[in-house]
Amino acid sequence: MNRPAPSPASWQFDHAAIRGDFPIFSRTIYGNPLTFLDSAASAQKPRVVIDAVRNLYESGYANIHRGIYMLSQEATDAYEATRETVRQLINAERTEECIFVRGATEGINLVAQSYGRTFLESGDEIILSNIEHHSNIVPWQLLRDEKKLKLRVAPVNDDGQVDLEAYKALLGPRTKMVALVHVSNAIGTILPVKEMIALAHEVGAKVLIDGCQAVPHMPVDVRELDADFYVFSGHKIYGPTGIGVLYAKFDLLEAMPPWQGGGDMISTVTFEKTTYNDLPHKFEAGTPNIAGGIGLKAALDYVTSIGYFQIQEYEKELYAYASERLRQVNSLRMIGTARDKAAVLSFVLEGIHPHDTGTILDREGIAVRTGHHCAQPTMDRFGVTATVRASFGIYNNKADVDRLVAGLEKVKEIFG
Ligand SMILES: *Cc1c(COP(=O)(O)O)cnc(C)c1O
């Protein structure tokens, strides 16, 4: 990694100030302070992100690319500056490898429809893990049905960690694509993706990593991982909705045909023939999410200014505290107990429906997600239809955990 080594001496940081960076926490819910435990679905926004978006619309807005006038050039520069920030964040080699998309979902669909349609053939195999988000399942199913491919699923053990031996056994000469979640949004497992990518490369497969739940919590280096494709969504890393990133190796992007056609992605157009624009614009048809892109830079700068080392140390401590407190709640069954986990706690209270739990917690000002978390195969694997999921962001603290535990005791009193 080419980042400066973190200094353990500097990891003490002012958490109250960080929480204060997020205006949402000044509001109340049913008269209670807000305990927001749904960052895995979407994270709250710091003031710097809100300001960046507002400043653009108030004093710097115009459509970007090709504008001859000052406003357009300023907006273009600001938008394109995000690409360099993204490149640095994930340590891509070139900015052209960083394609702006609506989010991870669109990024995966782009890869399936452009790369998959072009380079996969009848009988080829795609391997997924058992704990993928629907966004990393359905695009491959669409492709499978169109191209007569085969989807194969790498199982997870009872802790929710991928069974590496079983994964190895699935890999073979027919494997052309492996698509894996970096960190499970439903149960928090961190997959050993570096090792899994290396194994896939041994059989000549390409690998896509869904990094939605990784980039907000840990440093990601696409070159160190040797990922062929890596996607994430801005809104989960404290940025705006409607903007995300598809990273792909330059040669792959060069070989891939455009996915959507329109303005911005062309070089010349006649009714007979169109030539395409250079990377990254070849994959960015139409007016992009200008404000989203500019807000994303503010979000990434914010995360970098805190530092991943600090974020990891802080969230590790918070996660350990939360695990310990929840362990003491009677009749709580934790789903997903892998050794390597990020700040996601998924659980059920025996005999109480997760939606009932979520409804009571909401009355206390505690926002958790209940349901299948867009990962029904994960729920099936653990024999449940839904869980209660508490997921953490940099703004959460131990008081949030204490309030969650008190809320759960109340739920048990009411339904127990
Ligand atoms: C949220 C999420 C997605 C989908 O992201 P969108 O922003 O909805 O496109 C995919 N995978 C994981 C692991 C996620 O957490």
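Further up the page is the structure itself.
If you're wondering where the values come from, they're calculated on a predicted model, not measured in any experiment.

Colleague: So what exactly am I meant to see when it comes to the packing of helix α4 (residues 104-119) against helix α5 (residues 138-147) here?
Modeller: How two helices sit against one another is set out by the angle between their axes and by the gap between those axes. In the contact formed by α4 and α5, the axes pass within 9 Å of each other and the chain directions differ by 25 degrees. On the basis of their axis angle, the class for α4 and α5 is roughly parallel. The handedness of the crossing between α4 and α5 comes out as right-handed. Note on element contacts: α5 touches α4 through Pro 139, Trp 140, Leu 143, Glu 146 and Lys 147, opposite Ile 108, Asn 109, Val 111, Ala 112, Gln 113, Gly 116 and Arg 117. For the contact of α4 with α5, the residue count by class is six nonpolar, three polar and three charged.

Colleague: Where do I start with unusual backbone geometry in this structure?
Modeller: With an omega dihedral of 0 degrees, the bond running from Leu 279 to Pro 280 counts as a cis peptide bond. Considering the arrangement of structural elements, one finds Pro 280 in the loop between β12 (274-276) and α10 (290-306). A positive phi angle, near 55 degrees, is found at Asn 91, a position not held by glycine. One non-glycine residue, Asp 264, lies in the positive phi region at around 75 degrees.

Colleague: Even after reading the chapter, I still don't get the pattern of salt bridges, so can you show me in this structure?
Modeller: Think of it this way: side chains of opposite charge can pair up when their charged atoms draw near. Applying the stated criterion across every chain yields a total of 28 salt bridges. With its nearest N and O atoms 3.3 Å apart, the salt bridge here joins Lys 316 to Glu 313. Taken together, the positions of Lys 316 and Glu 313, both in helix α11 (residues 308-327) and three residues apart, correspond to about one turn of that helix. On the accessibility criterion, Lys 316 (52% relative accessible area) is exposed. Note on Glu 313: relative accessible area 22%, which makes it partly exposed.

Colleague: Would you take a moment to explain the site of the ligand for this structure?
Modeller: Taken together, 13 residues sit near the ligand, with Thr 105, Asp 210, Gln 213, Ser 233 and Lys 236 positioned nearest. For the ligand, a nitrogen atom lies 2.5 Å from a polar atom in the side chain of Asp 210. Between His 235 and the ligand, the recorded distance is 2.7 Å, taken from a side-chain N or O atom to an oxygen atom. For the ligand, the protein covers 86% of the area, taking 380 Å² as the surface of the free molecule. When the residues that make up the shell around the ligand are grouped by side-chain class, the tally is three nonpolar, eight polar and two charged.

Colleague: What is the right way to read empty space enclosed by the protein from this model?
Modeller: Picture a little ball the size of a water molecule; that probe, rolled over the atoms, points out where space is still empty. On inspection of all chains with the given rule, the structure shows one cavity of 30 Å³ or more. Around the largest cavity, the lining residues are Ser 39, Ala 40, Ala 43, Gln 213, Pro 216, His 217, Lys 236, Tyr 238, Phe 392 and Gly 393. Residues that form the lining of the largest cavity fall into these classes: five nonpolar, four polar and one charged.

Colleague: I would appreciate a short explanation of a nonpolar patch on the surface in the present structure.
Modeller: There is a patch of nonpolar side chains on the surface, built from Ile 68, Tyr 69 and Leu 71 and spanning about 330 Å² of accessible area. For Tyr 69, the location among the structural elements is in the loop between α2 (47-59) and α3 (70-90). Overall, the relative accessible area of 43% leaves Tyr 69 in the partly exposed class.

Colleague: Explanation requested: the nonpolar core in the structure shown.
Modeller: Inside soluble globular proteins, nonpolar side chains tend to come together where they are buried. Formed by 103 residues in total, the largest nonpolar core has its most connected members in Ile 90, Tyr 167 and Tyr 230. Considering each element in turn, this core owes the most residues, ten residues, to α10. Taken domain by domain, the makeup of this core includes at least three residues from each of domain 1 (11-37 + 307-414) and domain 2 (51-304). Leu 110, Ala 112, Leu 253 and Met 256 belong to the second-largest nonpolar core, a separate cluster that totals 30 residues.

Colleague: Would you take a moment to explain the sheet that holds strand β5 (residues 125-129) for this structure?
Modeller: Consider a sheet: its strands pair through backbone hydrogen bonds, and that pairing is either parallel or antiparallel. Read across the open sheet, the seven strands follow the order β4-β10-β9-β8-β7-β5-β6; overall the sheet is mixed. Looking at which strands have only one partner, the edges of the open sheet turn out to be β4 (98-101) and β6 (150-154). Neighbour-to-neighbour, the strand axes of this sheet turn through a mean angle of 20 degrees, independent of strand direction. Taken together, the five bridges between strand β9 (residues 229-233) and strand β10 (residues 244-248) define a ladder with antiparallel strand orientation. Pairing of Ser 233 across the sheet is with Gly 244, part of β10. On top of the sheet, α5 reaches β5, β6, β7 (175-181) and β8 (206-210); it is set at about 145 degrees to β6, its chief contact.

Cut-offs and rules
- Residues numbered from 1 in each chain as written.
- Predicted model: local features only at pLDDT ≥ 70, side-chain atom pairs only at ≥ 80, totals over all residues.
- Heavy atoms only, no water.
- Axes fitted to C-alpha atoms, helices over the stretch in contact; angles between N-to-C directions.
- Helix = DSSP H or I, 4+ residues; strand = E, 2+ residues; numbered from the N terminus.
- Parallel < 35°, antiparallel > 145°, perpendicular 65-115°, else oblique.
- Left-handed = near helix turned anticlockwise from the far one by under 90°.
- Contact = heavy atoms within 4.5 Å.
- Nonpolar A, V, L, I, M, F, W, Y, C, P; charged D, E, K, R; others polar.
- Salt bridge = Lys/Arg side-chain N within 4 Å of Asp/Glu carboxyl O.
- Buried < 20%, exposed > 50% of the residue type's maximum accessible area, 1.4 Å probe, protein only.
- Near = heavy atom within 4 Å.
- Polar contact = N/O pair within 3.5 Å; in protein donor to acceptor, adjacent residues only side chain to side chain.
- Areas by Shrake-Rupley, 256 points an atom, 1.4 Å probe, with all protein chains shown as cover.
- 1 Å grid on protein atoms, 1.4 Å probe; cavity = no way out; pocket = protein on both sides within 12 Å on 5 of 7 lines; lining within 4 Å.
- Points joined across faces, edges and corners; volume = space filled by probe spheres on them.
- Patch = residues over 30% accessible without salt bridge, like charges linked within 9 Å, V, L, I, M, F, W, Y side chains within 5 Å.
- Core = buried A, V, L, I, M, F, W, Y, C linked by side-chain atoms within 4.5 Å.
- Domains from an automatic or database assignment.
- Pairing = 2+ DSSP bridges.

Keep in mind these numbers describe shape, not what the thing actually does.
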